[in-house]
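Coordinate analysis (summary)
These are the residues of each chain, in order.
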Amino acid sequence: MGIMLILEDLTAEIPDTNSYHWNLKQYSSDDQRNVLMYGYNSSANTEFHKLTDGYRKIYFNNWSPCEFAQVRDHNGLTPLNYDDKFDIIYSICPFSVDWLNDIQQAKKYRYVFYPFEKSLIPEPQDKKYDVIYHGGIHGKEHISALQVMKKYNYRYCTMTHGINNLTRHLLPMATNTNLAFRDKINLVAQSKISICYNIVHVMPEQVSRILDRPRHLENKAFATVNNGWDVMPQFKTRIHEAAISKTLNLVRRDNWNVIEDFYEPDKEFIYFDDEIDLSKKIDHILSNWDDYQVVIENAFNKSLSYTTEKFISKIQEDMDNDL
């Protein structure tokens, strides 16, 4: 366990967000052969690459496919050359993995689950609130959810800085702002239901960037961009955060449903299809709360498959099998 060097560069990450709580470095042990890097600025970190010259370089990309909506980043790198310095890239987007391996005639991209550190698992909490959503407001789906939630004893938590105009406009509906990461987890644990969307919205100015990608039609993540619904799929770690908090995941069904790679519908989470269905599902869950305890327990047990310890074990096993 942990027989590889692990280096983190979180200088580009928003403080106190997910990557600050993985603590992957606790498993670092230099074998003089393999190095795992994480954090957006790892590719441009010349010290890291000088230190590990001659190593097999592995990278964890936890934001894909968002990078394909950008032009160049603050390091002057494009999405298609950012990964040039790495031998293997682990990504949370299965569709981008297949597409990149195909257009580059390479097998350097691999699909992996989004990890969480098991120390984040909260103590059992009294369920004070009916339903929670935490995050930004990026589209009509999120607005509809808030309109439904306000009928209940709800929690909506978000930031007040570094947010888009839509989130700012709806700040009056926020019940909690600028929570520390662990306080947010505790708030989730105090709620019966967590609403989640495993999508990212593409802004109008970003559409042409995606359409300019080579053979973009072959990436299923881009299927609805400029085709009636400008979103891309992305597994959201709030799925894990609800599962470890023994809070029921109520998940918007979409065109990809990447959640099903990790959790089973009806057994470990519940789908909803639109705001009308969302309201009906919340009513039914709250009225039959005891009936959903098995779903909650199943999700908690499944979440233990996705800890940072299991994440490192998977990569180490892959590296051993590659020899």
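Structure: above.
Residues numbered from 1 in each chain as written. Predicted model: local features only at pLDDT ≥ 70, side-chain atom pairs only at ≥ 80, totals over all residues. Heavy atoms only, no water.

A closer look at the overall build of the chain
A tally of helices and strands in the chain yields ten helices and 13 strands. The C-alpha radius of gyration computed for the chain amounts to 20 Å, which stays within 12% of the reference 20 Å derived for 323 residues, consistent with globular compactness. Its C-alpha atoms give the chain principal-axis dimensions of roughly 60 × 45 × 35 Å. For the chain, with 323 residues in total, the buried portion stands at 57%. Considering only intrachain contacts with a sequence separation of at least 6, the fraction spanning at least 24 residues in the chain is 69%. As presented, the chain carries roughly 14400 Å² of accessible surface, and 48% of it is formed by carbon and sulfur atoms. Of the charged side chains in the chain, 36 are positive and 45 negative, and the gap between their average positions amounts to 2 Å. (Helix = DSSP H or I, 4+ residues; strand = E, 2+ residues; numbered from the N terminus. Rg over C-alpha atoms; globule rule 2.2 N^0.38 Å. Buried < 20%, exposed > 50% of the residue type's maximum accessible area, 1.4 Å probe, protein only. Contact = heavy atoms within 4.5 Å. Areas by Shrake-Rupley, 256 points an atom, 1.4 Å probe, with all protein chains shown as cover. Lys, Arg positive; Asp, Glu negative; His and termini not counted. Charge placed at Lys NZ, Arg CZ, Asp CG, Glu CD.)

Notes on helix α8 (residues 275-287)
Its 13 residues give α8 an end-to-end C-alpha distance of 18 Å, which sits within 8% of 18 Å, the value for a rise of 1.5 Å per residue. Among all positions in α8, only D277, L278, S279, I282 and I285 are buried. Those residues of α8 hidden inside the fold are in contact with β6 (129-134), α3 (140-149), β9 (191-196), β12 (248-252) and β13 (270-272). One side-chain oxygen at the N-terminal end of α8 lies 3.1 Å from the backbone nitrogen of I276; it belongs to D274. (Expected span 1.5 Å × (residues − 1). Polar contact = N/O pair within 3.5 Å; in protein donor to acceptor, adjacent residues only side chain to side chain.)

Here's the deal with the pairing of β12
For β12, a buried count of five out of five residues is recorded, marking the element as mostly surrounded by other parts of the structure. Every second residue of β12 is oriented toward a common face, with L248, L250 and R252 on one face and N249 and V251 on the other, all of them buried. Pairing geometry for β9 and β12, over four bridges, is parallel. Within β12, the position partnered with I195 by the bridge is L250. Pairing of β12 with β13 involves three bridges; the strand directions are parallel. Paired with R252 across the bridge in β13 is F272. (Pairing = 2+ DSSP bridges.)

Some details on the sheet that holds strand β5 (residues 109-111)
The strand order across the open sheet formed by five strands is β1-β2-β3-β4-β5, and the pairing between neighbours is parallel. Edge positions in the open sheet fall to β1 (5-8) and β5, since each of these has one partner strand only. Each neighbouring strand pair of the sheet contributes to a mean axis angle of 25 degrees, computed without reference to strand direction. Of the strand pairs in this sheet, strand β3 (residues 56-61) and strand β4 (residues 88-91) are connected by four bridges, and their pairing is parallel. Residue pairing in the sheet places N61 in a bridge with S91 of β4. Helix α2 (residues 94-103) contacts β4 and β5 of the sheet and is inclined by roughly 155 degrees relative to β5. (Axes fitted to C-alpha atoms, helices over the stretch in contact; angles between N-to-C directions.)

Digging into the packing of aromatic side chains
Applying the stated criterion to the full structure yields 25 aromatic pairs. Geometrically, the ring pair formed by Y59 and W63 is edge-to-face, given 6.2 Å between the ring centres and 70 degrees between the ring planes. Assigned by exposure class, Y59 and W63 land together as buried. With centroids separated by 5.3 Å and ring planes inclined at 55 degrees, the aromatic side chains of F113 and Y306 adopt a geometry described as tilted. (Phe/Tyr/Trp six-rings, centres within 6.5 Å; stacked < 30°, edge-to-face > 60°.)

Digging into the side chain of D277
Within the secondary structure, D277 is located in helix α8. Residues in contact with D277, not counting those within four places in the same chain, are Y271 and F272.

Notes on the environment of F86
Its place among the elements puts F86 in the loop between β3 and β4. Using a relative accessible area of 2% as the deciding quantity, one classes F86 as buried. Once residues within four sequence positions are removed from consideration, F86 is found in contact with M37, S42, S43, H49, K57, I58, Y59 and K108.

Examining the sheet that holds strand β7 (residues 154-158)
Across the sheet, six strands lie side by side as β8-β7-β6-β9-β12-β13; this open sheet has parallel pairing. Looking at which strands have only one partner, the edges of the open sheet turn out to be β8 (176-177) and β13. Running at roughly 160 degrees to β6, α3 makes contact with β6, β7, β9 and β12 of the sheet. Seen against the sheet, helix α5 (residues 181-189) touches β6, β7, β8 and β9 and runs at an angle of roughly 145 degrees to β6.

Here's the deal with the state of the cysteines
What makes a disulfide is a covalent bond joining the sulfur atoms belonging to two cysteines. Within this structure, the stated rule accounts for zero disulfides. With no disulfide partner, C93 has as its closest neighbouring cysteine sulfur the one in C66, 9.2 Å distant. (Disulfide = S-S within 2.5 Å.)

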